[in-house]
Amino acid sequence: MHDGHNPFSEQDIKESRLPFDVKNWIEKHVEEKKDWRGMKDLLQLSNEEMNEFENKINADSNVLKIPPALRVHRHDIVNQIQQRLNNISRKHRLDKQSTQAWINILKEK
């Protein structure tokens, strides 16, 4: 049951995804070689921010806007780390050709 919204509406789907700036933030920290544990502490809301969030909920529960920091999950970061590792290690989008490219590189050394 989804009171007050349709989870399949275009607007709801857009709002359920991570904002572009949050994705960029994750990507930046992955490039700095931070993992989930390294980023988890950075995502914590201060007491002031949490109180502000709770006050908004108490004022009008229908206008619930979850702060981006609370929308980031472990899998968001793990997916970005996996993507980075794939980009580094794959020499071609097809595994067979990627493997052959690595073989050629290693033969040259």
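Residues numbered from 1 in each chain as written. Predicted model: local features only at pLDDT ≥ 70, side-chain atom pairs only at ≥ 80, totals over all residues. Heavy atoms only, no water.

### A word on the overall build of the chain
How we decide: Counting from the N terminus, the helices are DSSP H or I runs at least four residues long and the strands are E runs at least two residues long.
In terms of helices and strands, the chain carries seven helices and zero strands. Ordered by position in the sequence, the α and β elements of the chain form the string α-α-α-α-α-α-α.

### Comments concerning the pattern of salt bridges
Oppositely charged side chains may form a pair once their charged atoms are brought near each other. For clarity, the threshold we go by: Definition used for salt bridges: Asp or Glu carboxyl oxygen within 4 Å of a side-chain nitrogen of Lys or Arg. Residue exposure (1.4 Å probe, protein chains only): buried if accessible area is under 20% of the type maximum, exposed if over 50%, otherwise partly exposed.
According to the stated counting rule, one finds three salt bridges in the structure shown. Ionic pairing is found between K34 and E32, a salt bridge with its closest N-O pair at 3.3 Å. Residue K34 is classed as partly exposed on the basis of its relative accessible area of 29%. Taking the relative accessible area as the measure of exposure, E32 reaches 42% and is therefore partly exposed. Note that R90 is salt-bridged to D95, the shortest N-O span being 3.9 Å.

### Quick word on helix α6 (residues 74-89)
Defined as follows: To estimate how far a helix should reach, multiply one less than its number of residues by 1.5 Å. In this context, the arc is that of the directions from the helix axis out to the C-beta atoms. Residues are treated as being in contact if the distance between any of their heavy atoms lies within 4.5 Å.
Between its first and last C-alpha atoms α6 spans 23 Å; for 16 residues at 1.5 Å apiece the expected length is 22 Å, and the two agree. Inspection of α6 places D76, I77, Q80 and R84 among the buried residues, and these make up the whole buried set. Buried positions in α6, seen along its axis, are confined to an arc of 95° and lie on one side of it. Of the surrounding secondary structure, the elements contacted by the buried residues of α6 are α2 (20-31), α3 (36-40) and α5 (68-71).

### Focus: the environment of M50
Locating M50 in the fold gives a position in helix α4 (residues 47-59). M50 gets classed as partly exposed once you look at its relative accessible area, which sits at 31%. Placed 17 residues apart in sequence, M50 and P67 show a C-alpha to C-alpha distance of 9.3 Å.

### Re the confidence of the model for the chain
Let me state the cut-off plainly: pLDDT is a per-residue confidence score from the predictor, ranging from 0 to 100.
With 79% of its residues at a pLDDT of at least 70, the chain reaches an overall mean of 80. When mean pLDDT is taken per element in the chain, helix α7 (residues 95-108) scores highest with 91 and helix α1 (residues 10-16) scores lowest with 60.

### Here we look at the nonpolar core
The following threshold applies: Residues enter a nonpolar core if they are buried and are Ala, Val, Leu, Ile, Met, Phe, Trp, Tyr or Cys, with the set joined through side-chain atoms within 4.5 Å.
Counting eight residues, the largest nonpolar core consists of L18, V22, I26, V30, M39, L43, V72 and I77. Here this core takes three residues from α2, the largest share from any one element. Here M39 is in contact with W25, I26, H29, V30, K34 and I77, once residues within four sequence places are set aside.

### Focus on unusual backbone geometry
In this structure, K33 takes a positive phi of about 65° despite not being glycine. Along the chain, the position of K33 falls in the loop between α2 and α3. The class of K33 is exposed, set by a relative accessible area of 65%.

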